Amino acid sequence: MTYAKPLPVPDADSAHFWAGCRSHRLLLQRCRSCGTHRYPAGPVCPACRSRAVDWIEASGRATVFSWIVVRHPVPRDLYQDEVPYVVALVTLAEGPRMATNIIGCDPDAVTAGMAVEVVFREATAEIALPCFRPVLAGAR
Ligand SMILES: [Zn+2]
């Protein structure tokens, strides 16, 4: 399978996150000292500076904080078949915000505060990308 678009490159901090995505689990760091959930992964808690950390599986629930609808593909050759698509910042139920794509709905139907849930898109054998789709009314 050939995937031509840019891909994340897991590093020492994010390797566990991307391994979780590969098995369709959204993993977050949780500070062992103060309980703050954090994303993206890093070596130090931004709230208390502790280096003690646990990894937890997030609920996968979030709400849309902000978004744009991409209509002009850049670079054109890689994205012309995908426009229009949604690039969003979602607030995870656990607190952190995550940049992602909203999929599974009309891009013009996205609204602030919309309830969404994680869904993983297989990019390569190693990388699955966490995207979000609307939670249907009554599904919660
Ligand atoms: Zn902390």
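On a predicted model such as this, the values are computed, not experimentally measured, just so you know.

Student: Would you mind going over the overall build of the protein chain with me for this structure?
Tutor: What the protein chain contains, in helices and strands, is two helices and eight strands. Start at the N end of the protein chain and walk to the C end: the helices and strands fall as α-β-β-β-β-α-β-β-β-β. Computed over C-alpha atoms, the radius of gyration of the protein chain comes to 16 Å, within 12% of the 14 Å expected from 2.2 N^0.38 for 140 residues, which places it in the range of a compact globule. Projected onto the principal axes, the alpha-carbon positions of the protein chain cover approximately 45 × 35 × 25 Å. Burial statistics for the protein chain: of 140 residues in total, 16% are counted as buried. If you take every contact in the protein chain between residues at least 6 apart in sequence, the share linking residues at least 24 apart comes to 50%.

Student: Would you mind going over the pairing of strand β6 (residues 97-102) with me for this structure?
Tutor: If a strand is regular, its side chains alternate between the two faces of the sheet. Pairing analysis gives six bridges linking strand β5 (residues 85-92) to β6, with the strands arranged antiparallel. Its bridge partner being in β6, Ala88 is matched across the sheet by Thr100.

Student: How should the sheet that holds strand β1 (residues 27-31) be read in this particular structure?
Tutor: Strand pairing in a sheet relies on backbone hydrogen bonds. The paired strands run either parallel or antiparallel. Strand order in the open sheet made by the three strands is β2-β1-β3, with antiparallel pairing throughout. Of all strands in the sheet, those bounded by a partner on one side alone are β2 (37-38) and β3 (53-57). Of the strand pairs in this sheet, β1 and β3 are connected by five bridges, and their pairing is antiparallel. Bridge pairing links Cys31 to Val53 in β3.

Student: Where do I start with the nonpolar core in this structure?
Tutor: Across soluble globular proteins, nonpolar side chains show a tendency to be buried alongside one another. The biggest cluster of nonpolar side chains holds 13 residues, and the ones touching the most others in it are Ala62, Val64, Ala88, Val90, Ile102, Val116 and Phe132. Looking at this core, the elements that each hand over two or more residues are β4 (61-70), β5 and β7 (115-122). Among residues more than four places away in sequence, those in contact with Ile102 are Val64, Trp67, Val86, Ala88, Val110, Val116, Phe132 and Arg133.

Definitions and limits used
- Going along each chain's sequence as written, the residues are numbered from 1 onward.
- Totals for whole chains, interfaces and linings use all residues, but because this is a predicted model, local features are given only for residues with pLDDT of at least 70 and pairs of side-chain atoms are given and counted only at 80 or more.
- Note on conventions: DSSP H or I runs of at least 4 residues are helices, E runs of at least 2 residues are strands, and numbering of each starts at the N terminus.
- The globule rule used here is 2.2 Å times the number of residues to the 0.38 power, and the radius of gyration it is set against is calculated over C-alpha atoms.
- To sort residues by exposure, count the other C-beta atoms lying within 10 Å of each residue's C-beta; 20 or more gives buried, 12 or fewer gives exposed, and values between give partly exposed, all with C-beta atoms placed from the backbone.
- Any residue pair is listed as a contact if its two C-beta atoms, each placed from the backbone, are within 7 Å.
- Strands qualify as paired when DSSP identifies two bridges or more between them.
- For this analysis, nonpolar core means a set of buried Ala, Val, Leu, Ile, Met, Phe, Trp, Tyr and Cys residues linked through C-beta atoms within 7 Å.

By themselves these figures say nothing about function.
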